[in-house]
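Here's the letter readout for the chains.
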Amino acid sequence: MDWFSLFLDAFCLLVGHGVMHLLFISRLTGRKLRGWHFAVYFLLLGVIQLVSVRLSLDGSLSVGVGVAALYALSRYGMGSPRSVSWLSAVLAYYVSQLSFGIVNSVEAAVFPRFIGSPLFYPLLLAAQLLFFALCAGCCHAVLKLLTWTEDSQTPYIGLLLFPGLFFFAAELYILQTAYSFFAPTVSLEEVGRHGALLFLQVMGLAALLCTLYAYRHLCLGFQAQAAVQSLTQAAQAQKVYVAEARARYEQTRSFRHDIRNHLAVLEGLLNAGKLEEGRAYLNRLDAVSGALSAPCRTGNGVVDVLLGEKLELAKAGGIETEVSLVLPGPCVIDDFDLCVLFANALDNAVSACRSGGEPRSIRVAGRRQGDFYMLTFENTCPEGPLPPPGTGLSNIRAAAEKYHGAALVEKTGRLFTLSVLLNISLHPEDLSGQKP
């Protein structure tokens, strides 16, 4: 092997394997790369290559050790889950081995006739550039179909490891048995064999991409099913709140209608000197009026009922509550959307308070800012980073975006803050075509 070939091999090892492997697993797992990741992985690749050459180890063994090293770096160096680390390591090596195999198919069929020619080295360089381009393109295709997130959007991702291992093993077998060396001359039969191997490798890549495509749509189906189920449950809950608010309104209206009669009865008892009977009648009126009153008065009957139920649940769990808001009215914000906002925000707040230690508190506030209204939900929560956003927060953001607003989250120590900005100056026609 001359110095030029040695340089190309080293460059291929560092860039085609080292850099692209790390960039691939970083993009796939969503983990940020550090400088020491590159240093450690380059060192591991160098040691593996050196030991493999010195001991004349089988190529499959050295590749297997490389996969294990990449897994260890992803699992313990980047903190990725076990199944995702194995899958990313196998796919990274498969993509690079596949790209190398495709280029080798072309080299084995074309290059022998240029051995000794001045064009041989430029062709080697062109083949190396083709390898880098193929590797980058295959990585992009895989990442476009498969990007892991730490939530339910990618369930059972570990199952992809089995088809990944199959494609990887098949490619490794082709490389070890068909491209061990260059034949000095290539017959038409050999060209046909290399063409068939090239076709098989391209079909293997297509099969992997089809598998990832099917898995992606399976995940989208899970997401849609979960979203429909969540919205169905939310819709049923909001209907209960709306019905209860309307019933409370009718009771209040009936009480107001009869108040004159009650006052007349009370006046008659007092005029007759029946103070005890009058006091008892007044106490009964006070009890009836108290039952009709919501614990929170925001200016919206539906929200009052919902807040009363959620905050009563919070108080039963030893959580201190504070509400300070008056909703604007009349405005374009629908009662159903208000229920989505308050129900999901308070459910998440109660759950976070229960998971954290003492003290436990929930604070709900609202204020108008010109054409916008800002809702703020503050609650105590456990220490540590924020968990991945769930369906509740997604519903809140969807409701905020419907009214040309936004939802922002912030965590400082044990205090979590959700801010929801809504445009209350919109007209009903501005919401046409928006999702409920």
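Everything below is about the structure printed above this text.
Residues numbered from 1 in each chain as written. Predicted model: local features only at pLDDT ≥ 70, side-chain atom pairs only at ≥ 80, totals over all residues. Heavy atoms only, no water.

**What about the state of the cysteines?**
What makes a disulfide is a covalent bond joining the sulfur atoms belonging to two cysteines. Enumeration over the complete set of coordinates arrives at 0 disulfides. Cysteine Cys135 is unpaired, with the sulfur of Cys139 as its nearest cysteine sulfur at 4.4 Å. Cysteine Cys353 shares no disulfide, and the gap to the nearest cysteine sulfur, in Cys381, comes to 8.2 Å. Classification of Cys353 by relative accessible area gives buried; the value is 0%. (Disulfide = S-S within 2.5 Å. Buried < 20%, exposed > 50% of the residue type's maximum accessible area, 1.4 Å probe, protein only.)

**Re a nonpolar patch on the surface**
On the surface, a cluster of nonpolar side chains totalling about 370 Å² of accessible area is made up of Leu43, Val47, Val51 and Leu55. By the secondary structure assignment, Leu55 is in the loop between α2 (35–54) and α3 (59–77). (Patch = residues over 30% accessible without salt bridge, like charges linked within 9 Å, V, L, I, M, F, W, Y side chains within 5 Å. Areas by Shrake-Rupley, 256 points an atom, 1.4 Å probe, with all protein chains shown as cover. Salt bridge = Lys/Arg side-chain N within 4 Å of Asp/Glu carboxyl O. Helix = DSSP H or I, 4+ residues; strand = E, 2+ residues; numbered from the N terminus.)

**Some points on the sheet that holds strand β2 (residues 361–369)**
What the 5 strands build is an open sheet, ordered β1-β2-β3-β5-β4; its pairing is mixed. Looking at strand neighbours, the two that pair on one side only are β1 (320–324) and β4 (406–412), the edges of this open sheet. Sheet twist, expressed as the average angle between the axes of neighbouring strands with direction ignored, equals 15 degrees. In this sheet, strand β5 (residues 415–423) lies alongside strand β3 (residues 372–380) in antiparallel orientation, the contact comprising 9 bridges. The residue bridging Tyr373 from the neighbouring strand is Leu422, located in β5. Of the strands in this sheet, β1 and β2 are in contact with helix α9 (residues 301–316), which crosses β1 at around 155 degrees. Sheet strands in contact with helix α10 (residues 335–355) are β2, β3 and β5, and its direction is about 20 degrees off that of β3. (Pairing = 2+ DSSP bridges. Axes fitted to C-alpha atoms, helices over the stretch in contact; angles between N-to-C directions. Contact = heavy atoms within 4.5 Å.)

**Observations regarding the packing of α2 against α3**
The contact between α2 and α3 brings their axes to 10 Å, and the two run at 160 degrees. What the angle tells us is that α2 and α3 run roughly antiparallel. Crossing angle aside, the handedness with which α2 passes α3 is right-handed. Facing Trp36, His37, Val40, Tyr41, Leu44, Ile48 and Ser52 of α2, the residues of α3 in contact are Ser62, Val65, Gly66, Ala69, Leu70, Leu73 and Gly77. For the contact of α2 with α3, the per-class residue count stands at 9 nonpolar, 5 polar and no charged. (Parallel < 35°, antiparallel > 145°, perpendicular 65-115°, else oblique. Left-handed = near helix turned anticlockwise from the far one by under 90°. Nonpolar A, V, L, I, M, F, W, Y, C, P; charged D, E, K, R; others polar.)

**Digging into the pattern of salt bridges**
A side chain of one charge can pair with a side chain of the opposite charge when the charged atoms of the two come close. Scanning the entire structure with this criterion turns up 4 salt bridges. One salt bridge in this structure joins Asp337 and Lys402, with 2.8 Å as the shortest N-O distance. Residue Asp337 is located in helix α10, and its partner Lys402 is located in helix α11 (residues 391–402); the two are separated by 65 residues in the primary sequence. With relative accessibility at 2%, the residue Asp337 sits in the buried group.

**Regarding the side chain of Lys310**
For Lys310, the location among the structural elements is in helix α9. Engagement of the side chain of Lys310 in a polar contact is seen with the side chain of Asp347, the distance being 2.8 Å. (Polar contact = N/O pair within 3.5 Å; in protein donor to acceptor, adjacent residues only side chain to side chain.)

**Observations concerning the pairing of β4**
Relative to β5, β4 is paired through 7 bridges, and the arrangement is antiparallel. Bridge assignment links Lys411 to a residue of β5, and that residue is Phe416. Taking the residues between adjacent antiparallel strands as the criterion, β4 and β5 are bridged by 2 residues, where Gly413 takes a positive phi near 65 degrees.

**Here's the deal with the packing of aromatic side chains**
In this structure the tally under the stated criterion is 8 aromatic pairs. Ring centres of Tyr71 and Trp86 lie 3.9 Å apart, and the angle between their planes is 10 degrees; on these two criteria the pair is classed as stacked. Here Trp86 lies in helix α4 (residues 82–110) and Tyr71 lies in helix α3, a separation of 15 residues in the sequence. Clustering of aromatic rings is evident, with ring pairs tying together Tyr71, Tyr76 and Trp86. Sitting above the plane of the Tyr76 ring, Arg75 keeps its charged end 5.7 Å from the centroid. (Phe/Tyr/Trp six-rings, centres within 6.5 Å; stacked < 30°, edge-to-face > 60°. Lys NZ or Arg CZ within 6 Å of the ring centre and 35° of its normal.)

**Regarding the pairing of β2**
Taken together, the 5 bridges between β1 and β2 define a ladder with parallel strand orientation. Residue Thr321 lies in a different strand from β2, and its bridge partner there is Ile362. At this point the chain moves from β1, through α10, to the parallel β2, and the crossover so formed is left-handed. Two elements, β2 and β3, share 8 bridges in a ladder whose sense is antiparallel. By the bridge assignment for β3, Gly366 is matched with Leu375. (Right-handed = clockwise from strand over helix to strand, strands pointing away.)

**Topic: the nonpolar core**
In this structure, Leu22, Phe24, Leu70, Tyr93, Leu146 and Phe168 are the most contacted members of the largest nonpolar core, which totals 50 residues. Put simply, the parts of the chain that give this core at least two residues each are α1 (3–29), α2, α3, α4, α5 (120–145), α6 (161–178) and α7 (188–271). Ignoring anything within four residues of it in the chain, the contact list for Leu70 reads His21, Leu22, Ile25, Tyr41, Ala89, Ala92 and Tyr93. Ile319, Phe342, Cys381 and Leu393 belong to the second-largest nonpolar core, a separate cluster that totals 42 residues. (Core = buried A, V, L, I, M, F, W, Y, C linked by side-chain atoms within 4.5 Å.)

**Re α9**
Given a rise of 1.5 Å per residue, 16 residues ought to cover 22 Å, and the 23 Å separating the end C-alpha atoms of α9 matches this to within 8%. Within α9, burial applies to Val302, Val303, Asp304, Val305, Leu306, Leu307, Gly308, Lys310, Leu311 and Ala314. (Expected span 1.5 Å × (residues − 1).)

**Notes on the packing of α3 against α6**
Direction vectors running N to C along α3 and α6 enclose 145 degrees, while the axes themselves pass 10 Å from each other. Here α3 and α6 pass one another in a crossing that is right-handed. In this structure, α3 contributes Gly59, Ser60, Val63 and Val67 to the contact, and α6 contributes Phe168, Leu172 and Gln176. Per-class residue counts for the contact of α3 with α6 are 4 nonpolar, 3 polar and no charged.

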